[in-house]
Amino acid sequence: MFQRNKIQPGSGYLNDESKMTGRGMNVMSPYDVSELQEVLRVYNSKGNPVTVSGMRTGLCGGAVPLGNDVLSTENLHGITGIGRDDRGFYLRVLPCTTLNEIDGFLRKGDFSGLEELSEDAASDASAVENGLMYPVDPTELDGSIGGNVATNASGPRTYSMGPTRDWIRGMRVAMADGSVFRMHRGLYMAEGRRMSFPSGRNYFSFDLPDMDNRVDVKNAMGPMIHPDMDLMDLFIGSEGIFGVIVEVDVYLRERTPTVSLMAFLPDDASALSTVKAVRASEGLDPEFIEYMDVKSVDLVRKAMNDDPSFIRIPTLPEGPCSAVFLDVPLESIGTRCSILDSILRDNGSSIERTWCGVDHSDKSRLRSMRHAVPRSVFEYVASLKGEMPSIHKMGTDMSVPDASADEMMAYYHDKLDETGLEYCMFGHIGDNHPHVEIILHSMEDFEKAREVYRDLAAKAIELGGSPSAEHGIGKIKREYVGMMYGTEGVEAIRRLKSILDPKWILCPDNIVERVK
Amino acid sequence: MRFVVAIKQVPDTENMAMNDDGTVDRTGVRPVMDPYSEYALRRILESKRDGDTVSVVTMGPPQAESVLRRCVALGADSACLLSDPAFAGADVWATARVLASYMQKFECGYDCMVFGRMSSDGETGQLPFEVAGLLDVEQHAYVTDLRRDGDSMISVQDYGDVVRECSVGAGAVIAFAGVDPNGTFMDVPGFLASLESNIVTKNRVDLGLGLYSVGSKGSPTSIRRIGTVGSTRRNRKVLIKDPRRAADLVLGELEAME
Amino acid sequence: MSGCSGGSCSTCSDGDPDRLPPGMLREYDLNQSTSEGILVWIEMSDGIEEASAELIAESKREGDGRVFGVVFGGPELKSYYPEIFGYGVDTLYHVRGLPVYSPEEYAEALAEVVERVNPATVLMGATPRGRELAPRLAAILQTGLTADCTSLSFEGRDVTMTRPALTGNVMADITCDRYPQMATVRRGTFEKPEPSEGTGTAIYWQYTKPVKREILSETKSVETDTDIRDAKVLIALGGGIRDVSLIEIAEKVASEHGGMVCCSRAIVDRGWMPRSRQVGMSGITVKPDIYIAFGISGSVQHRAGMADAKRVVAVNTDPDAPIHRFADLSILCDVGAVLKAMLKNG
């Protein structure tokens, strides 16, 4: 039996970080998988939908219920096993384990007490010289691994190491009827467009819709579908509409000692040209490249003036400056620094104006400066006390292929400058995926911003990119699924859902709207 | 002038986990530079003139070398690690003995020895004055400012009720009062230079100290018993979304007092 | 300190077995010291420092043997003799020749008196001056020092000193193998004695060496601040306070309820409040009737300063903050919003 609790008014189960507020009566928080299966069986038999929620750190309302009950995985957290296969070590974790927990655990490097999924995995893992890491590093490290898989989360390191998708070895999934099955990469492959797999006493066999996803850009736009695909890829990024993830095997890699560098440049153009040169250069091998435009640095400076301990970093350089933040391997660091120095000198700066961090604490401080931008924007907007108490800013999350990077960047500036909106730009420039935060002073701004946003999204799609590169779709960005895949694409996803979840009980409003 | 800055490395508390029983879990925690020491070092480096030298010293395990390297990257001219398995378990007195021996043996003729106010892992700042006592030199506590006056120095000390300006005698021990919670970063040239620099290590024998002068054997004080901090309070925890209601609850508590 | 490695062999201990290395004393059970009694440095600042008075009274009450006092100053101190004896000093050493506070010579003079008296324990208040004087004296006497004790328990001439251990939420009971055992104790740790008149022996002690330190100027800080130790109601602010303007709001709330505002180290480090308002290990010990902690995580160092509050209310957004285990009532809510809401009500 499982316990059903009333959702109290104002309780967190109705929100996530998108600040969207939903409606819902009850919440179930099963303590093990069999309890979770029980919940699904009962709800499926009655045709009552549930919205799956974990740490509720999403930005698009994926975990927000719209009138149905909530199935929270909060009690399913912890690290249970360690194994090793041809590719390397992997960790078996429960879905609500946060990235911070995983990181802390790996830093300690004590694998005793875990189930060994292959012989001597625990002792071999402890012996890895520099320790192991799970490389995907979204801004929100308190997000659950289940949520990361469901949205194919990415972060700065996606530049060199790929998104969540590339690091998932396998998982256990509970289907809508409560049956549970385990899969790993290569186990269930489509033959052409025919996909077949068993789950419990069921056997699913169906044709995949005739659509192909963009795989060459950073993309978090729903499930990935293409001929001869791996079943894993159907579930990764599917935002819980096909099944509930109840266990994940994540691949690990050996930590490479790196040096974090934060270079300051005179203006936006010089920073962007630095980024281009860094990407083109040989021998720098950055793990990631992040960008902060002059406005972003300004906003951080402003926030630090109001609260000197806002983040634990020293006073920023005086006068306008933009910043480029990158991690490079410690090995032959001298050469790497001189390469970077000549790039910086070409762009009006130098390595002398660059901060660097080597130990974990300095690196996390540099990282926190990059991550302070969204909060600085928020504090700035709060200080404006604009006309609209609820909406202050609008953030974009679009990526384009390398070839179109310059065109997109020019389009951003033209479009935004034309409207006279106040904005700042920062983020994963290495993946051609900067975030633009538009600051809204008035209702008029809001209207303008919505229009620009639509134009920008259309342009990104036109250039072969994605309007939702890492935040997912949830309920807030469903409009762009239509823009990207067309009405037919939306219908195809709907049909797929009807096959895997005939009564539409799993996260019914994510990615595509419930058919009434 | 020759400055010697004694720095302390502390466990990286920011990235440290708690065990279930409330004690700190130190496994895998690497040492970082104590922010109070870092502040002291920076104050000295900022006032450094041509011809001055700044050396850094710390007593600690071999891993502490990375912290010293960082000091060199920040601008220190040299660094020395006092490390020996026998140093383990030292109390303040035994630590002071090691530092004082180092100063007498390897830093003869230094002008000024500098400390931070205290360390962030709970020690209460006795070390500078025990070292000063052992070296029989002047001590300047709670220093808010250290000024150069020609070839000599003037310290400004804040005792809370009195602010004093004193001239700083030869070989004096200075303990700075402040800290910069925002800390500092290395710059790249400094960092690259630090990779080349040679961190000197001295052990017990180098310092000419007997086995019974150092570490736990040389410590007059010892911990007899460790107890967790019990609480007799019956805690009631309430989650309130509405600040208005929370405020009323607190105000209710206040009124109950009156 | 002598030039040789010192104290690590029996020849270096000047033939005095008490000066043998502590490890040897322990291992071979060689402690033959005949030390006895307790010596307290009596700090004067517009009268007898309360921390000193508390220590004298506690030593008289709980300690074994005579209580010695040492006080520095001129003939004007004579008028304080009855009060000093009243608190419980049996023999008072009045050191003359050091009109101005100077840690080097004070420690020197105290060491001379200690050599003469041979007390088993030396205690000082953990005041700014006590904190720099005690370690210097300990170094001269080659003995251990336990700073900032939260309690002392006497057993015969021996004393067990309790203080929070380095990092972590544990208390350590510490003993010292050498005599005198030394400790500094914060004001407020023991009950404050009522002044009464008493009698005892007073001995003049002339310090003859010159003061080496050159003091160029001395300015009295104008301390208009009332002491947070006297407040019955305390509103405490911690690192969770992100906005400096909240301090002003807290001040208003506090004054509406006849209380004061204090803070944790995080706030002092940011330069938002003076050190005189800091509660905790490196600050002040308080015992208010009610202690309302806003955004204080509750490190063991902070708790050392407020553990004896009659009632503790914690407001914090972090449900896992250690402060909750030490509060009677915990409210998980936005700190700033609650403070503001409290003000409107006032």
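Above this note sits the structure.
Residues numbered from 1 in each chain as written. Chains lettered and ligands numbered in written order. Predicted model: local features only at pLDDT ≥ 70, side-chain atom pairs only at ≥ 80, totals over all residues. Heavy atoms only, no water.

What follows deals with the interface of chain A and chain B. Counting residues at the interface gives 30 residues for chain A and 21 residues for chain B. Looking only at chain A, the three residues that lose the most surface to chain B are Lys108, Arg312 and Cys356 of chain A, adding up to 26% of its buried area. Applying the counting rule to chain A against chain B returns one salt bridge. One salt bridge connects Arg70 of chain B with Asp362 of chain A, and the closest N-O pair in it is separated by 2.7 Å. Our count for the chain A to chain B interface comes out at four residue pairs in polar contact (both at pLDDT 80 or more). At the level of elements, helix H2 (99–108), strand E15 (258–265), helix H9 (333–346), strand E18 (354–357) and helix H10 (360–384) of chain A are the ones that each hand at least two residues to the side of chain A that touches chain B. Take the side of chain A that touches chain B: its biggest share by element is six residues, from H10 of chain A. Within the side of chain A that touches chain B, the residues separate by chemical class into 15 nonpolar, eight polar and seven charged. As paired elements, E18 of chain A and strand E13 (residues 186–187) of chain B share two bridges and run antiparallel to each other. Residue pairing in the sheet places Trp355 of chain A in a bridge with Asp187 of chain B of E13 of chain B. (Contact = heavy atoms within 4.5 Å. Buried area = accessible area lost by both parts, 1.4 Å probe. Salt bridge = Lys/Arg side-chain N within 4 Å of Asp/Glu carboxyl O. Polar contact = N/O pair within 3.5 Å; in protein donor to acceptor, adjacent residues only side chain to side chain. Helix = DSSP H or I, 4+ residues; strand = E, 2+ residues; numbered from the N terminus. Nonpolar A, V, L, I, M, F, W, Y, C, P; charged D, E, K, R; others polar. Pairing = 2+ DSSP bridges.)

Where burial is concerned, most of strand E11 (residues 162–168) of chain B is hidden: five out of the seven residues are buried. Pairing geometry for strand E10 (residues 152–158) of chain B and E11 of chain B, over six bridges, is antiparallel. Across the sheet, residue Ile154 of chain B finds its bridge partner in E11 of chain B, namely Ser167 of chain B. Remark: three residues form the turn of the hairpin made by E10 of chain B and E11 of chain B, two consecutive strands paired antiparallel; Gly160 of chain B in that turn has positive phi of roughly 95 degrees. One ladder, built from five bridges, connects E11 of chain B with strand E11 (residues 215–220) of chain C; its direction is antiparallel. Its bridge partner lying in E11 of chain C, Cys166 of chain B is registered against Ile215 of chain C. (Buried < 20%, exposed > 50% of the residue type's maximum accessible area, 1.4 Å probe, protein only.)

Counted under the stated rule, the structure contains 23 aromatic pairs over all chains. Consider the rings of Tyr453 of chain A and Tyr480 of chain A, whose centres lie 5.6 Å apart with planes at 35 degrees: the pair is tilted. Here Tyr453 of chain A, found in helix H12 (residues 443–462), pairs with Tyr480 of chain A, found in helix H13 (residues 478–500); they are 27 residues apart in sequence, far enough to count as distant. No difference in accessibility class separates Tyr453 of chain A from Tyr480 of chain A, as the two residues are buried. Geometrically, the ring pair formed by Tyr142 of chain B and Tyr159 of chain B is edge-to-face, given 5.5 Å between the ring centres and 70 degrees between the ring planes. One end of the pair, Tyr142 of chain B, is in strand E9 (residues 139–149); the other, Tyr159 of chain B, is in the loop between E10 and E11, and 17 residues separate them in sequence. Directly above the aromatic system of Phe185 of chain B lies the positively charged group of Arg365 of chain A, at a separation of 4.3 Å from the ring centroid. The cationic tip of Lys202 of chain B hangs over the ring face of Phe106 of chain B; the distance from NZ or CZ to the ring centre is 4.5 Å. (Phe/Tyr/Trp six-rings, centres within 6.5 Å; stacked < 30°, edge-to-face > 60°. Lys NZ or Arg CZ within 6 Å of the ring centre and 35° of its normal.)

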